[in-house]
2 protein chains.
Amino acid sequence: MKIILDAMGGDNAPQAIVEGAVTAAKGFDAEIVLVGREAEVKTCLAAAGGEGLANISVVNAEETVTMEDDPTRACSRKKDSSMAVALRMVRDGEGDAMISAGSTGALLSGATLIVKRIKGIRRAAMGPVLPNGHKGVVLIDCGATADCTPEYLLQFAFMGSFYAERILGCEKPRVALLNVGTEDTKGGELQKAAFALLKAAGDEGRINFVGNAEGSDLLTGKMDVLVADGFAGNVMLKTVEGAAKFMFSQLKGVFYASAKNKLAALAVKKDLKGMKAMLDPSEVGGTAMLGITKPVIKAHGSSDARAIYNAVRQAIACAEADVAGAIAANIDYMKISASEGE
Amino acid sequence: MKIILDAMGGDNAPQAIVEGAVTAAKGFDAEIVLVGREAEVKTCLAAAGGEGLANISVVNAEETVTMEDDPTRACSRKKDSSMAVALRMVRDGEGDAMISAGSTGALLSGATLIVKRIKGIRRAAMGPVLPNGHKGVVLIDCGATADCTPEYLLQFAFMGSFYAERILGCEKPRVALLNVGTEDTKGGELQKAAFALLKAAGDEGRINFVGNAEGSDLLTGKMDVLVADGFAGNVMLKTVEGAAKFMFSQLKGVFYASAKNKLAALAVKKDLKGMKAMLDPSEVGGTAMLGITKPVIKAHGSSDARAIYNAVRQAIACAEADVAGAIAANIDYMKISASEGE
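Residues numbered from 1 in each chain as written. Chains lettered and ligands numbered in written order. Predicted model: local features only at pLDDT ≥ 70, side-chain atom pairs only at ≥ 80, totals over all residues. Heavy atoms only, no water.

### A few points about the interface of chain B and chain A
Spelled out, the test is: We call two residues contacting when some pair of their heavy atoms lies within 4.5 Å. Two parts placed together each lose some accessible area; with a 1.4 Å probe, that loss summed over both constitutes the buried area. Criterion for a salt bridge: a side-chain nitrogen of Lys or Arg within 4 Å of a carboxyl oxygen of Asp or Glu. In protein, a polar contact requires one atom able to donate a hydrogen and another able to accept it; more generally it is a pair of N or O atoms within 3.5 Å, and residues adjacent in sequence count only if both atoms are side-chain atoms. The way it works is that DSSP assigns letters per residue, a run of H or I at least four long becomes a helix, a run of E at least two long becomes a strand, and they are numbered from the N terminus. Amino acids are sorted into nonpolar (Ala, Val, Leu, Ile, Met, Phe, Trp, Tyr, Cys and Pro), charged (Asp, Glu, Lys and Arg) and polar (every other residue, Gly among them).
Listed as interface residues are 47 residues of chain B and, on the opposing side, 47 residues of chain A. In total, chain B and chain A occlude about 3,900 Å² of area from one another, counting both sides; carbon and sulfur atoms represent 76% of this. For chain B, the biggest contributors to the area lost against chain A are Phe231(B), Phe246(B) and Met247(B); these three give 18% of the whole. Scanning the region where chain B abuts chain A turns up two salt bridges. For the pair chain B and chain A, the interface holds 12 residue pairs in polar contact (both at pLDDT 80 or more). Mapped by element, the contributors of at least two residues to the side of chain B that touches chain A are helix 7 (189–203), helix 8 (230–255) and helix 9 (259–278) of chain B. When residues in the side of chain B that touches chain A are grouped by element, the largest group, 19 residues, is from helix 8 of chain B. The residue makeup of the side of chain B that touches chain A, split by class, is 25 nonpolar, 15 polar and seven charged.

See the structure below:
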């Protein structure tokens, strides 16, 4: 098992990436390849106590994709960037999975351009896992494609279902469609058409479609996969983030309101940390880009060493589970037209 | 000032509606008219100690719109329903504002059909106010219209701006467009086209457009109005609800985790209740249906007496502020085509 890490992507790169790689190299039975400016990466490696580890190596890449680069062109313009080099390595079989905490848009475009989509898949999709008190829920898509067709949503349903089954360990994952109500006839044109496709796939026994779900259902444990167009999915994901932040700031206000409350805060401090961790992107790991021929994992831009460690664990799981293989094997059931997007 | 209340709408009708009306009649300088099955309403009125109040009256309506009725036809099929009668009364000037906790879809269709949209307004919109640590933020639309055009979004921006200015007391309300990123070029086709319209309206000084905002920005106080298509807005609103519920249930878990934590919980209990109240729909009041010629307020389906009391306060504010008048006076700046939807 070999995991390729873009050492230069993310707010805390390369230091946090290298530190996470060192912990992962010590903790997992896998080889880690760090791609980035060699001298810089090696300095971080020495500082993190990873110099002597046999299962960490460095591959030089002079350039770096930044947030200022046009995402759709970053990897083709900067062919020597750590991101592009890492993507080519996983494409060419020099690694089993690739992780980057760099620009989401650049990684998505780069993965599509270099590693390619699975034949028949119209659009790659982002499928982060959110907490729901159970095994977690895959929200797919979350921003890769704002304007979606019903067929894209059908494909997201299959891809999310394979991911939930193979990575989260859900048996017959319950797949729901994001809508403005739970009745079958709800929603706009996109949702009505997608509902019909998902229902047909459910009736054929290809996915376990449980119907429409609302925004309030996401974290309840009612489903394992929630299918959304990339616009609404992105809004939803970021709204959860914002609501959690708002609630914690309000909670802080409560705990600072009086001396009595401050004492109470001390008592529950440790347990609250656990609750915060559950909603913390660095604990969740990264977001899988589904529909690409090889596992490509987007780690959060603000990833610290712990987040990178978790992303490596997730990348290993993705490579072992061969989600892409399951998607490719079922592509015939995920199409409604032969020509579009191919 | 006369407020018409649909006494039969909502999960706790007529009892909670009547109780709320009694408190409102005692607390506000306004006349309250309860519309519903007279005998039933009068029994509740006696039980709530409101029999002798000079500023409460009852208008009989034999039928009731239920959740089983087709929302688009409920008010035209059940002409004698409390909802339809109440809407006709406000249309005919027999009241200054109307409130119902009944079916959202039926109320929206009924208001459009009976009270009518302001001339030139393409679609009515729902504009609930969410907490943001400041004066609140109007999220418009929240589910009235799933499939929107750029022009609808332009109109939502104006309507939300007038509401924030006149009801929330925001000076030059900051209007943002919901998107998947804050850069000007983000989003799908709808957002790109709407951005151009909102920017032009901002450049002309008609609204204070502050650009794109993400899901995570909603509760931060960065804007007073967030413009969204009804699908994404509904998802967002319900996701906030769901995330708050999830966090409170997690918090409960923390507080029950140990005897020490239980003691801590006791200490902060009262303050936490205040925090919960802030996110509680019954405290917020109701949701204004903007774009209708008269104030129509949708109270939450699960409204208790306190929620109805708050909705009455909001209805009085809406009638006094004449938001509809402001919209009508500015309609020429809110159109991009002359024919559609008229």
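### As for the relation of the copies chain B and chain A
Using the following cut-off: What sets the superposition is a least-squares fit of C-alpha atoms, and only residues with pLDDT of at least 70 in both copies go into it.
Under the fitted operation, chain B is carried onto chain A by 0.0 Å of movement along the axis and a turn of 180°, and the coordinates agree to an RMSD of 0.0 Å. Each copy turns onto its partner about a two-fold axis. In terms of C-alpha distance to the rotation axis, chain B has Ala264(B) as its closest residue, with the C-alpha 2.1 Å off the axis. Mapped onto chain A, 100% of the interface residues of chain B again fall at the interface, so both copies present the same surface.

### Some points on the pattern of salt bridges
For the structure shown, the criterion picks out 24 salt bridges over all chains. Between Lys2(A) and Glu31(A) there is a salt bridge; the shortest N-O distance is 3.9 Å. With a gap of 29 residues between them, Lys2(A) in strand 1 (residues 2–6) and Glu31(A) in strand 2 (residues 31–36) connect regions that are remote in the sequence. As a salt-bridge pair, Lys222(B) and Asp217(B) come within 3.0 Å of each other at their nearest N and O atoms.

### With respect to the packing of aromatic side chains
Keep this limit in mind: Only Phe, Tyr and Trp rings take part, Trp by its six-membered ring, and two of them pair if their centres are within 6.5 Å. Stacked means planes under 30 degrees apart, edge-to-face means over 60, and tilted covers everything else. Burial classification: accessible surface area is computed with a 1.4 Å probe over protein chains only, and a residue below 20% of its type maximum counts as buried, one above 50% as exposed, and the rest as partly exposed. Cation placement over rings: the criterion is NZ of Lys or CZ of Arg within 6 Å of the ring centroid and within 35° of the ring normal.
What the rule picks out here adds up to six aromatic pairs over all chains. Look at Phe195(A) and Phe209(A): their rings are 5.4 Å apart centre to centre, the planes differ by 70°, and that puts the pair in the edge-to-face class. Here Phe195(A), found in helix 7 (residues 189–203), pairs with Phe209(A), found in strand 9 (residues 208–213); they are 14 residues apart in sequence, far enough to count as distant. The burial state of Phe195(A) is the same as that of Phe209(A); both residues are buried. Aromatic pair Phe158(B) and Phe162(B): ring centres 6.4 Å apart, planes at 45°, arrangement tilted. Taken together, the residues Phe158(B) and Phe162(B), both in helix 6 (residues 150–166) and four residues apart, mark about one turn of the helix. Of the two residues examined, Phe158(B) and Phe162(B), each falls in the buried class. When the ring centre of Tyr333(A) is taken as origin, the NZ or CZ atom of Arg206(A), which lies over that ring, is 3.5 Å away.

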